[in-house]
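What the coordinates show
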Amino acid sequence: MKKNYLESKVKTYGLRTLKTILLPIIMYAVLCIIAPENFFKWSTFVMLITQTIPYLAIGWAMVFGMSVGLFDFSVGATMILSGLIGVYFSQRYGLPGFVIACMVSSFVLTAITGLVYSILKIPSIITGFAALLVYESFGVILSKNMVNTINPAYLILGKKPYIYGVILIMFAIVYIVFNHTKFGYQIKAIGGDEHTAKSMGINTTKLKLLTYIVGGLFLGIATILMVSSDGTIQPKDNMTSMAKCFTPMMGVMIGMYLSSTNIIIGTFIGELCITMV
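One structure accompanies this document, and this report is about it. Keep in mind that what you see is a predicted model, and the values were worked out from it rather than measured.

Some details on the state of the cysteines
Here a disulfide denotes one covalent bond, and it connects the sulfur atoms of two cysteines. Evaluation of the coordinates by the stated rule reveals zero disulfides. Summary of cysteine pairing: Cys-273 is not part of a disulfide, and the nearest cysteine sulfur, belonging to Cys-32, is at 14 Å.

If you want it as structure tokens, here you go:
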């Protein structure tokens, strides 16, 4: 009886996942019919996947916070400042300096944002806007005191085939953390009903801070891919860095809406569909 129940659950989940995966396939098929000269090419399909990857990495970094109701609009400014710091260290320590500096600076900046949110207990949107303005200012100041160029040899992680390897490794880690750890289960509990989660003994303040920190680590990977794909990083001001988080955020929202499948897979579907249109 138990075996039949498990088989039924697996079958149902598999069918729901298949239906979700069919969404971008159908969209791409429609585009191929409308404009076959542009889309009915293997090179075009590969280009779409490659262009989706940086946004997907940002989306996966944001999925932890968004799952518990946090909306951090400082993500773009954090990436730009982290990218500038990475470029600065790449000029002294090469590729390892670039990678480590992007990871560490992203971790530190998101941790600061999370601490401000946790200590002051102000809405995440307001915290994000405040952090955005501060990080943008630091980015502009830093860019004026450095040579904003990076050796093309250090951009290898954003080029084929290495970018595919990086995103696959990131997918595996994000998927496991979100779906098969105590941290991930508690995120889902808070996202479902925060009051119930509190009554179960979950420290929601601490967990939300952890979503900033864990998301910051993955945002470091996203920063590496973004800089490596674009080949450069430029400072932003007047809140224009906020544009970098809109597309990934929309992809995560689509992933959350596609409740028939896992949000991590759903985010990929969402980002891919947005890139197509």
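A few points about the environment of Met-79
With respect to the helices and strands, the residue Met-79 is situated in helix H4 (residues 75–120). The exposure class of Met-79 is buried, given its relative accessible area of 0%. Taking the C-alpha atoms as reference, Met-79 lies 9.2 Å from Val-227; in sequence the two are 148 residues apart. The contacts of Met-79, once residues within four sequence positions are left out, are Ile-58, Leu-219, Ala-222, Thr-223 and Met-226.

A look at the nonpolar core
Counting 60 residues, the largest nonpolar core has Phe-64, Ile-167, Met-170, Phe-218 and Leu-225 as the members making the most contacts within it. Secondary structure elements with two or more residues in this core: helix H3 (42–67), H4, helix H5 (124–143), helix H6 (162–179), helix H7 (182–192), helix H9 (204–230), helix H10 (243–257) and helix H11 (263–276). Contacts of Ile-167, omitting those with residues within four sequence positions, involve Ile-53, Leu-56, Ala-57, Trp-60 and Leu-225. Core analysis: the second largest hydrophobic core is formed by eight residues, Tyr-28, Leu-31, Leu-272 and Met-276 among them.

Regarding H6
Its 18 residues give H6 an end-to-end C-alpha distance of 26 Å, which sits within 8% of 26 Å, the value for a rise of 1.5 Å per residue. Listing the buried residues of H6 in full gives Ile-163, Val-166, Ile-167, Met-170, Val-174, Val-177, Phe-178 and Asn-179. Mapping the buried residues of H6 onto a view down its axis gives an arc of 160°, with all of them on the same face. The exposed residues of H6 that point more than 90 degrees off its buried face are Leu-168 and Ile-169. Of the surrounding elements, those touching the buried residues of H6 are H3, H7, H9 and H11.

A few points about a nonpolar patch on the surface
The grouping of Ile-100, Val-104, Phe-107, Val-108, Ile-112, Leu-115, Val-116, Ile-119, Leu-120 and Leu-217 at the surface amounts to a nonpolar patch, some 860 Å² of accessible area in total. Tallying contributions element by element places H4 first for the nonpolar patch, with nine residues. Within the secondary structure, Val-116 sits in helix H4. Overall, the relative accessible area of 33% leaves Val-116 in the partly exposed class.

Digging into the packing of aromatic side chains
The final tally for this structure, using the stated rule, is 13 aromatic pairs. With a centroid separation of 5.6 Å and 40° between ring planes, the pair formed by Trp-60 and Phe-171 is classed as tilted. In this pair, Trp-60 sits in helix H3 while Phe-171 sits in helix H6, placing the two residues 111 residues apart along the sequence. Relative accessible area serves as the criterion here: at 3%, Trp-60 is assigned to the buried category. Taken together, the ring pairs connect Tyr-28, Phe-39, Trp-42 and Phe-45 into an aromatic cluster. Over the ring of Tyr-88 we find Arg-92; its NZ or CZ atom is 4.0 Å from the centre of that ring.

Considerations on unusual backbone geometry
In this chain, Lys-160 is followed by Pro-161 through a cis amide linkage whose omega measures 0°. Within the secondary structure, Pro-161 is located in the loop between H5 and H6. Of note in the backbone geometry, Asn-238 takes a positive phi value of approximately 55° without being a glycine. As for its position among the elements, Asn-238 is in the loop between H9 and H10. On the basis of relative accessibility, which here comes to 67%, the residue Asn-238 falls in the exposed class. We note that Met-239 has phi near 70°; this positive angle belongs to a residue other than glycine. Structurally, Met-239 can be placed in the loop between H9 and H10.

Parameters at a glance
- Residues numbered from 1 in each chain as written.
- Predicted model: local features only at pLDDT ≥ 70, side-chain atom pairs only at ≥ 80, totals over all residues.
- Heavy atoms only, no water.
- Disulfide = S-S within 2.5 Å.
- Helix = DSSP H or I, 4+ residues; strand = E, 2+ residues; numbered from the N terminus.
- Buried < 20%, exposed > 50% of the residue type's maximum accessible area, 1.4 Å probe, protein only.
- Contact = heavy atoms within 4.5 Å.
- Core = buried A, V, L, I, M, F, W, Y, C linked by side-chain atoms within 4.5 Å.
- Expected span 1.5 Å × (residues − 1).
- Arc of directions from axis to C-beta.
- Patch = residues over 30% accessible without salt bridge, like charges linked within 9 Å, V, L, I, M, F, W, Y side chains within 5 Å.
- Areas by Shrake-Rupley, 256 points an atom, 1.4 Å probe, with all protein chains shown as cover.
- Salt bridge = Lys/Arg side-chain N within 4 Å of Asp/Glu carboxyl O.
- Phe/Tyr/Trp six-rings, centres within 6.5 Å; stacked < 30°, edge-to-face > 60°.
- Lys NZ or Arg CZ within 6 Å of the ring centre and 35° of its normal.

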